[in-house]
Number of protein chains: 2
Amino acid sequence: MGALMRREAAEKVWAQLRPAADGLVPAVAVDGPDGPVLMLAYMDREAFLATMAAGRMHYRSRSRNELWLKGATSGHFQDVRRVRVDCDGDALLFEVDQTGAACHTGARSCFYREAGLLAGEGEDA
Amino acid sequence: MGALMRREAAEKVWAQLRPAADGLVPAVAVDGPDGPVLMLAYMDREAFLATMAAGRMHYRSRSRNELWLKGATSGHFQDVRRVRVDCDGDALLFEVDQTGAACHTGARSCFYREAGLLAGEGEDA
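Residues numbered from 1 in each chain as written. Chains lettered and ligands numbered in written order. Predicted model: local features only at pLDDT ≥ 70, side-chain atom pairs only at ≥ 80, totals over all residues.

Chemist: In this structure, what is going on with the nonpolar core? I would like to understand it.
Modeler: The tendency in soluble globular proteins is for nonpolar side chains to be buried side by side. Ranked by size, the top nonpolar core spans 72 residues in total, and within it A27, V28 and A29 of chain A together with A27, V28, A29 and F94 of chain B carry the most contacts. Excluding residues within four positions of it along the chain, A29 of chain A makes contact with L38, M39, M57, Q78, F94, V96 and A102 of chain A. (Core = buried A, V, L, I, M, F, W, Y, C linked by C-beta atoms within 7 Å. Buried ≥ 20, exposed ≤ 12 C-beta atoms within 10 Å, placed from the backbone. Contact = placed C-beta atoms within 7 Å.)

Here's what the structure looks like:
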């Protein structure tokens, strides 16, 4: 189990956030203190409070429109280490201990696809 | 100037994305290859293509509803090093060279606020 937060404290953090019109806040999960970005998904109030109560990442599934404990079916849980809120309260950053792969494809990170770029300096584009 | 992409290639990358109903895709900027997350903002097609054409991060400002070259007023540009797309095409990850502070508060990262957590293991919560 990861680090968690008492209900009252979690309610206060959520109250400082500015969810979008659909009630969601994007949540970025990074792999440990220096790790790469694993995934980006969304939390509503219920998912945030469930995450803070359990010390494990819960998201709001936009496609299934339901609360989603990450790892519930795969066993690939994300245990919370730290939580950060951005300057204007519209995004969350979680440092987690990732069990197995974050991505449903089996990749460690969902961001495994790289777009081809040209070198910028002096390049004739 | 950072790495950039020919217009045709950038159009192809954008065509693989699945923007939300408002036409926006969240874009996470990280500081260099191993750096921390600097910020999360949004791109529409215009901002993505401008970013890829210039090798510098452009976003769609949701509050001002306009194209926004990051650093246009502050000089705190973000030069693109790499671009990654997530597994389901609904988020972008940019590795950038950040000039100065990413945050308008002067903090290097917008995620400078940490929420207090309890240690999880064996904690009575």
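There's more to say after this.
Chemist: Can you walk me through the environment of L67 of chain A in this structure?
Modeler: All names here are of chain A. Among the structural elements, L67 can be located in strand β4 (residues 66-69). Overall, the presence of 15 C-beta atoms within 10 Å leaves L67 in the partly exposed class. Apart from residues lying up to four places away in sequence, L67 is in contact with E46, A47, A50, H58 and R60. (Helix = DSSP H or I, 4+ residues; strand = E, 2+ residues; numbered from the N terminus.)

Chemist: Any chance you could explain the interface of chain A and chain B here in plain terms?
Modeler: Put simply, an interface is often sized by how much accessible area is lost when its parts join up. Counting from both sides, the interface comprises 39 residues of chain A and, opposite them, 39 residues of chain B. Contributing elements (two or more residues each) for the side of chain A that touches chain B: α1 (7-16), β1 (25-31), β2 (37-43), β5 (78-85) and β7 (113-115) of chain A. Among the elements that take part in the side of chain A that touches chain B, β5 of chain A stands out by supplying four residues, more than any other. Its residues placed into classes, the side of chain A that touches chain B shows 25 nonpolar, six polar and eight charged. Sheet topology places β5 of chain A next to strand β7 (residues 113-115) of chain B; three bridges connect them, and they run antiparallel. Bridging from a neighbouring strand, V85 of chain A pairs with R113 of chain B of β7 of chain B. (Nonpolar A, V, L, I, M, F, W, Y, C, P; charged D, E, K, R; others polar. Pairing = 2+ DSSP bridges.)

Chemist: Can you help me understand the sheet that holds β7 of chain B in this one?
Modeler: Hydrogen bonding along the main chain pairs the strands of a sheet, whether they run parallel or antiparallel. Ordered in space as β2(A)-β1(A)-β6(A)-β5(A)-β7(B), the five strands form an open sheet in which the pairing is mixed. The outermost strands of the open sheet, each flanked by one partner alone, are β2 of chain A together with β7 of chain B. The sheet shows a mean angle of 30° between the axes of neighbouring strands, direction not considered. (Axes fitted to C-alpha atoms, helices over the stretch in contact; angles between N-to-C directions.)

Chemist: Would you take a moment to explain the relation of the copies chain A and chain B for this structure?
Modeler: For the pair of chain copies, the relating transformation is a rotation about an axis with a translation along it. When chain A is fitted to chain B, the best match, at an RMSD of 0.0 Å, comes from turning it 180° and sliding it 0.0 Å along the axis. Here the copies are linked by what is in effect a two-fold axis. Of the C-alpha atoms belonging to chain A, the one lying closest to the rotation axis is found on D34 of chain A, 3.4 Å away. A share of 100% of interface residues in chain A that are also interface residues in chain B marks the association as one of identical surfaces. (Least-squares fit on C-alpha atoms with pLDDT ≥ 70 in both.)

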